[in-house]
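# Structural overview for review
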Amino acid sequence: MPYPMNRINLLIFLLLITSTLRAQKRYSDGRPAAKYRMACQDEGIVLRYGDGPDSCDTYGAREAVVNRDNGRYYLFYDGAGKQGWIACLAESQDLRTWTKRGLLLELGQPGRNDAKSASSPWVIKENDTWHMFYVGTPNTTPPPNRIPAFPYLTMKAQSHSLAGPWKKQYEVVALPPKENSYYTVTSSPGYIVKYDDEYLQFFSGATQEGKIIKRTLGIARTRDLNASWKIDENPLFPLDEQIENSSVFFDAQTQTWYLFTNHIGITEKGSEYTDAIWVYWTKNINQWQAEDKAVVLDASNSVWAKGAIGMPTVIQVGNRLALLYDAAEGNSLSHMNRSIGLAWLELPLKLTK
């Protein structure tokens, strides 16, 4: 005998609630989780750390940033080398096979804000000049790891080629930190897009309350890439979201903006680590909602990383979106010994349960 319609509706409702609860990871300190997932097929490691020229990535490869120019892919990644974390360059024709070229930047002289790290560069081209915004810091943990430490600052360089050479512009203070703001200890660079008559940069902001670090993203704006940017007073998302780094994609088929970012999770014992790649979406690039987010990649669908999964970068290839990211092989939660992986998303992007 068939169920009455009201009972069928109840069963459907319970199934939806159950699937939502399964998708939503719970964190020990109650930080928000994503209720949805987005379909993503992980391919595995495409660039292993350890064999870069001049020992540039001896201890790890992190924070992949991919660009395409004249049919060739240029991958900027942070090589954890013997001098510190410094941006390195690799080139490819297909995103799978990479030729490492070595250091893209160099450390600044003692006293400079990039004396201990010059890393995570984001670029945009204006006329015949590439403008780079990279992370600098005068502080790191002790050797050999030399993990960058606060403050994370945005530094400037420019070149006529993605492959360099890059000329640093110390006179440009792109994203100056500000007291009593959401970016007191971090104002580090992110994806840049030209929208209407100005440039928008989706930068990482963080502030520290006692021993607790709160992280989010904000928008900075400029019409002059060689000047300081005007930073929006309010962040895109609440500080409790605990996200950092950005890669933005506009899906022309659906007229939707997507923002890919890495989420900071926490273990039951209270240790933080990069646990997943999330995506947010909106129809209005200037307005985003914290509720509109989904998990893209984490330990449940990565084929090689079951612990730490870090910063994403995306680029369209035909009718798919390529996603490059860093992660630690196996169950490691460490900042070190990470490699770069590749995953794919079908276009148009779709949510799954």
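Here the structure is shown first, and the text comes after it.
I will try to describe carefully the structure that is included in this document. It should be emphasised that the depicted structure is a prediction, and the values quoted were computed from it without experimental measurement.

Another point: the overall build of the protein. Along its length, the protein carries one helix and 25 strands. Taking 2.2 N^0.38 as the reference for a compact globule, 353 residues should give roughly 20 Å; the C-alpha atoms of the protein span a radius of gyration of 20 Å, in line with that estimate. In terms of overall dimensions, the protein has C-alpha extents of about 80 × 45 × 40 Å along its principal axes. The buried share of the protein, taken over its 353 residues, is 55%. If you take every contact in the protein between residues at least 6 apart in sequence, the share linking residues at least 24 apart comes to 54%. A total of about 16,200 Å² of accessible surface is found on the protein, and carbon and sulfur atoms cover 49% of it. If you average the places of the 38 positive and of the 37 negative side-chain charges in the protein, the two averages end up 4 Å apart.

A word on the sheet that holds strand E19 (residues 256-266). Taking strand neighbours across the sheet as the criterion, the six strands line up as E18-E19-E20-E21-E1-E25 in an open arrangement whose pairing is mixed. Edge strands, defined here as strands with exactly one partner in the open sheet, are strand E18 (243-251) and strand E25 (351-352).

A few words on the side chain of Asp69. By the secondary structure assignment, Asp69 is in strand E3 (residues 61-69). Leaving out residues up to four positions away in the same chain, Asp69 has contacts with Tyr74, Trp130 and Leu162.

Okay, the sheet that holds strand E2 (residues 41-47) next. Ordered by their spatial adjacency, four strands build an open sheet running E2-E24-E23-E22, and the pairing between neighbours is antiparallel. The sheet is open, and its two edges are formed by E2 and strand E22 (309-317), each paired on a single side. Geometrically, the sheet is characterised by an average inter-axis angle of 25° between neighbouring strands, direction not taken into account. Judged from the nine bridges that link them, strand E23 (residues 320-328) and strand E24 (residues 338-346) form a sheet pairing that is antiparallel.

Time to look at the layout of surface pockets. Taken as a whole, the largest pocket spans an internal volume of roughly 920 Å³. Forming the walls of the largest pocket are 41 residues, and the residues nearest its centre are Phe150, Tyr152, Arg215, Glu244 and His335. In terms of residues, the lining of the largest pocket owes the most to one element, strand E16 (residues 212-222), which gives four residues. The class makeup of the residues in the lining of the largest pocket is 16 nonpolar, 13 polar and twelve charged. Of the volumes computed, that of the second largest pocket is approximately 330 Å³. Along the walls of the second largest pocket sit 17 residues, with Val66, Asn67, Arg68, Tyr191 and Ile315 positioned nearest its centre. At the level of secondary structure, the elements contributing two or more residues to the lining of the second largest pocket comprise E3, strand E7 (117-126), E18 and E22. Counted by class, the lining of the second largest pocket contains eleven nonpolar, five polar and one charged residues.

In this section: the packing of aromatic side chains. Summed over the entire model, instances satisfying the criterion amount to 13 aromatic pairs. With 5.5 Å between their ring centres and 90° between their planes, Phe133 and Trp229 make a pair best called edge-to-face. With Phe133 in strand E8 (residues 129-137) and Trp229 in the loop between E16 and strand E17 (230-231), the pair connects residues that are 96 residues apart, well separated along the chain. Given the relative accessible area of 5%, Trp229 is considered buried. Each ring, one from Tyr183 and one from Phe203, has its centre 5.8 Å from the other, and the planes form 85°; the classification is edge-to-face. Of this pair, Tyr183 sits in the loop between strand E12 (167-168) and strand E13 (186-188) while Phe203 sits in strand E15 (residues 198-209), and the two are 20 residues apart along the sequence. Seen from the ring of Phe133, Lys156 lies directly overhead, with NZ or CZ sitting 5.5 Å from the centre. The cationic tip of Arg320 hangs over the ring face of Trp344; the distance from NZ or CZ to the ring centre is 3.8 Å.

For Asp298, the location among the structural elements is in the loop between strand E21 (293-297) and E22. Its relative accessible area of 14% is what places Asp298 among the buried residues. Here the side chain of Asp298 touches Ser300 through a polar contact of 2.6 Å, side chain to side chain. Look past the residues within four positions of Asp298 in its chain and what remains in contact with it is Arg37, Asp275, Ala276, Ala305 and Ile309.

Parameters at a glance
- Residues numbered from 1 in each chain as written.
- Predicted model: local features only at pLDDT ≥ 70, side-chain atom pairs only at ≥ 80, totals over all residues.
- Heavy atoms only, no water.
- Helix = DSSP H or I, 4+ residues; strand = E, 2+ residues; numbered from the N terminus.
- Rg over C-alpha atoms; globule rule 2.2 N^0.38 Å.
- Buried < 20%, exposed > 50% of the residue type's maximum accessible area, 1.4 Å probe, protein only.
- Contact = heavy atoms within 4.5 Å.
- Areas by Shrake-Rupley, 256 points an atom, 1.4 Å probe, with all protein chains shown as cover.
- Lys, Arg positive; Asp, Glu negative; His and termini not counted.
- Charge placed at Lys NZ, Arg CZ, Asp CG, Glu CD.
- Pairing = 2+ DSSP bridges.
- Axes fitted to C-alpha atoms, helices over the stretch in contact; angles between N-to-C directions.
- 1 Å grid on protein atoms, 1.4 Å probe; cavity = no way out; pocket = protein on both sides within 12 Å on 5 of 7 lines; lining within 4 Å.
- Points joined across faces, edges and corners; volume = space filled by probe spheres on them.
- Nonpolar A, V, L, I, M, F, W, Y, C, P; charged D, E, K, R; others polar.
- Phe/Tyr/Trp six-rings, centres within 6.5 Å; stacked < 30°, edge-to-face > 60°.
- Lys NZ or Arg CZ within 6 Å of the ring centre and 35° of its normal.
- Polar contact = N/O pair within 3.5 Å; in protein donor to acceptor, adjacent residues only side chain to side chain.

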